[in-house]
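Each chain, written out:
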Amino acid sequence: MATTIRPGETYGFFTDTSVCIGCKACEAACKEWNQLGGDSPSFLADSFDNTGNLDAENWRHVKFIEQVPDQPAATGNGTAWLMMSDVCKHCKHASCMEVCPTGAIIRTEFNTVFIQQDVCNGCRNCIAACPYSVIGMNQSTGTAHKCTLCYDRLQGGLEPACAKACPTQSIQFGPLAELQQAADVRLAALHSQGVAQAQLYGRDDKVYGGLNAFFLLMDKPETYGLPNAENAKLPSRNDLGGYVAAAITAILAVVGGLVAFRRRVTG
Amino acid sequence: MMVLAAEHFVRSPQWLWYVLFYFFFAGIAGGSYAVATLLRLSGDVRDESAARIGFYVSLVATVICPILLTADLGVSWSRFWHMLIDVTPGDTGLNFKYWSPMSVGAWALLVFGFFAFVSAAEAWLSDRRDRPLVPPLLNRLFNVVGAVLGIFIASYTGVLLSVSNQPVWSDTWSIGGLFLASGLGGAAALIALLMRYRPDAAFSLGRLHQAAGFFSALELALMIVFFITVGAAGSLPRLLPWLALFALAVAGVAAGLVGARGQMRVMAAGGSATLTRVRLDTVTISLLVLVGVLALRAAVIFSAQ
């Protein structure tokens with residue numbers, strides 16, 4: 001998709017998992033452009049995917065969700081091999097941004113979520129908050145890392161490396177409004193073909209106010225390790241309750257303490 | 001691979017030993033200041049010695065806190081001040097996000113440090129002069145403000161955990177209160193323990209046991225609330241591997257209650273509320289309570305990670 005990139009406009013990814021073939025070209029392109037060394041090779045032995053997770057060295061990760069039926073005679077009904085190129089969702093209401101105490105996590109002129117490496121001090125509060133397990137710590141820099149949506153490429157008018165490398169157009173990059181239209185068309189096409197389980201995730205505002213990087217899924221979100229709309233909650237939901245509980249405890253403790261210390265019995 | 005439970009798909013922040021001990025010392029620092037202030041507010045000059053122990057403890061524990069927090073940042077330790085100052089180019093200035101407990105906590109620790117230092121210095125100078133340095137009313141007003149900050153320091157660490165998307169932590173709103181009650185109990189226990197080295201403070205020992213008992217009862221109630229709320233969210237299985245630590249925490253609570261009950265029985269039998277010295281049972285109870293304070297925080301912190 002040839003796109004003219006302008007600051008002030010909202011950009012994102014539409015990842016159509018129904019056409020992902022698990023080639024991991026996006027992972028390789030991401031590492032190549034962003035000069036990510038990758039983690040030490042590991043054999044996880046529970047999947048054909050050995051990347052494992054998104055982290056400081058893996059800003060794109062093609063998840064393999066293998067639901068191969070035990071009975072060879074049965075069919076997978078299109079869901080035996082689910083593949084999804086996962087990435088930072090660049091949430092409209094971003095949990096990481098909400099809790100970051102240093103102001104290191106900002107929204108760029110392309111409305112993406114970006115961690116300023118010279119500001120981050122490695123407190124890891126964003127890691128505790130990100131509901132998608134996206135952010136990882138780089139032990140050598142002591143800072144949090146994640147997908148930048150190729151901020152440097154956007155500034156140069158280039159589309160992100162992963163979208164450029166994707167051979168099946170599973171990863172599409174562009175202005176968010178255009179991507180949402182494309183996703184609606186694709187979903188309608190799949191539904192008309194009888195693929196009733198296809199659904200969009202993050203297309204509307206039910207999940208963190210809407211995701212700049214949203215998905216077409218072939219199963220429910222939880223299957224892909226994504227919280228559903230009911231469970232997609234911001235950390236600040238516990239702000240008031242936590243402080244109120246502490247305040248009530250404080251009042252009870254002070255009263256109790258005063259009573260205990262004021263008590264006098266003549267021996 | 002990560003083990004995922006319930007509807008949490010979040011990565012652990014790896015807040016481990018430094019954070020555990022920070023939470024412990026923050027509880028002791030804030031709790032000691034609050035207990036010392038309550039002792040001073042009791043109106044009996046004979047409680048002043050115990051109160052001063054509390055202010056000394058508070059300062060020492062407060063000094064340890066930023067060291068632990070800075071160490072936890074690892075190679076980025078020299079950027080600890082980014083918690084307070086935003087260095088974003090073009091947007092520099094003070095950093096204060098009232099909705100982020102970590103941001104509020106960083107400022108609270110700084111301001112509380114001032115109160116802890118001044119109160120400990122005042123206690124030290126008063127000890128040397130053998131008479132109060134500052135008019136009592138002014139001193140108490142200052143202490144009340146400091147105690148409010150101390151209570152915040154002892155409790156916000158729990159709120160900080162809840163304001164996340166981690167299993168267990170974000171499944172309950174009770175951790176702030178729980179850590180506060182536990183910190184107050186631990187502070188009372190530590191002050192009682194240190195009375196060994198300041199015999200004139202033993203006047204307050206019996207009532208310190210009673211206060212610790214009340215804090216322990218509060219902690220026990222909040223522990224029950226914690227288990228109920230976490231259980232309702234479906235995250236109870238995450239607590240199971242840490243039951244031994246929770247058992248230690250309960251043992252600490254029980255020790256606090258036993259200490260209070262022992263004192264009350266003495267009083268009910270017509271004995272004096274004033275103990276003359278710190279005996280072995282106080283040492284044992286205090287140590288058990290302190291171990292419980294640490295164990296509770298370890299169990300809560302580790303269960304999510």
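Before going into details, it helps to say that this report is about the structure given with it. (Residues numbered from 1 in each chain as written. Chains lettered and ligands numbered in written order. Predicted model: local features only at pLDDT ≥ 70, side-chain atom pairs only at ≥ 80, totals over all residues.)

## Here we look at the overall build of chain B
Right, so step 1: The helix and strand inventory of chain B stands at 9 helices and 2 strands.
Right, so step 2: Element order for chain B, N to C, with α for helix and β for strand: α-α-β-β-α-α-α-α-α-α-α.
Right, so step 3: Here chain B has a C-alpha radius of gyration of 20 Å; the compact-globule value for 305 residues is 19 Å, and the two agree.
Right, so step 4: Projected onto its principal axes, the C-alpha coordinates of chain B cover approximately 60 × 45 × 25 Å.
Right, so step 5: In chain B, which comprises 305 residues, the share counted as buried stands at 57%.
Right, so step 6: Put simply, 79% of the contacts in chain B that link residues at least 6 apart link residues at least 24 apart. (Helix = DSSP H or I, 4+ residues; strand = E, 2+ residues; numbered from the N terminus. Rg over C-alpha atoms; globule rule 2.2 N^0.38 Å. Buried ≥ 20, exposed ≤ 12 C-beta atoms within 10 Å, placed from the backbone. Contact = placed C-beta atoms within 7 Å.)

## Notes on helix H7 (residues 239–262) of chain A
Right, so step 1: Its 24 residues give H7 of chain A an end-to-end C-alpha distance of 34 Å, which sits within 8% of 34 Å, the value for a rise of 1.5 Å per residue.
Right, so step 2: Here H7 of chain A has its buried residues at Asp239, Gly242, Tyr243, Ala245, Ala246, Thr249, Ala250, Ala253, Gly256, Gly257, Ala260 and Phe261 of chain A.
Right, so step 3: Against helix H1 (17–41), helix H4 (136–162), helix H5 (175–194) and helix H6 (205–232) of chain B lie the buried residues of H7 of chain A. (Expected span 1.5 Å × (residues − 1).)

## Some thoughts on unusual backbone geometry
In most cases, non-glycine residues show a negative phi, while peptide bonds are predominantly trans.
Right, so step 1: In this structure, leucine 149 of chain A is a non-glycine residue whose phi angle is positive, near 55 degrees.
Right, so step 2: The topology assignment puts leucine 149 of chain A in the loop between strand S7 (143–145) and helix H4 (151–155).
Right, so step 3: For leucine 149 of chain A, a count of 26 C-beta atoms within 10 Å gives the class buried.
Right, so step 4: With phi around 70 degrees, valine 168 of chain B is a residue other than glycine that occupies positive phi space.
Right, so step 5: Among the structural elements, valine 168 of chain B can be located in the loop between H4 and H5.
Right, so step 6: Assessed through the 29 C-beta atoms surrounding it within 10 Å, valine 168 of chain B is described here as buried.

## Section: the nonpolar core
Right, so step 1: Grouped together as the largest cluster of nonpolar side chains are 179 residues, with contacts concentrated most on Cys96 and Cys126 of chain A together with Val35, Leu184, Ala188 and Ile191 of chain B.
Right, so step 2: Leucine 184 of chain B has contacts with Ala253 of chain A together with Gly31, Ala34, Val35, Ala154 and Phe215 of chain B, leaving out every residue within four places of it along the chain. (Core = buried A, V, L, I, M, F, W, Y, C linked by C-beta atoms within 7 Å.)

## As for the interface of chain A and chain B
Right, so step 1: With 57 residues of chain A at the interface, the matching set in chain B holds 62 residues.
Right, so step 2: Top contributing element to the side of chain A that touches chain B by residue count: H7 of chain A, with 18 residues.

## As for the sheet that holds strand S8 (residues 171–175) of chain A
All names here are of chain A.
Right, so step 1: Pairing within the open sheet is mixed, and its 4 strands lie in the order S8-S1-S10-S9. In this open sheet, the two edge strands, each paired with only one partner strand, are S8 and strand S9 (199–201). Taking the axes of each pair of neighbouring strands and ignoring which way they run, one obtains an average angle of 20 degrees across the sheet.
Right, so step 2: Relative to strand S10 (residues 213–217), S9 runs antiparallel, the two being bridged by 3 bridges. Looking across to S10, one finds that tyrosine 201 is bridged to phenylalanine 215.
Right, so step 3: Those strands touched by helix H6 (residues 176–192) are strand S1 (11–16), S8, S9 and S10, and its axis lies near 135 degrees from that of S8. (Pairing = 2+ DSSP bridges. Axes fitted to C-alpha atoms, helices over the stretch in contact; angles between N-to-C directions.)

In short, shape yes, function no, at least from these values alone.
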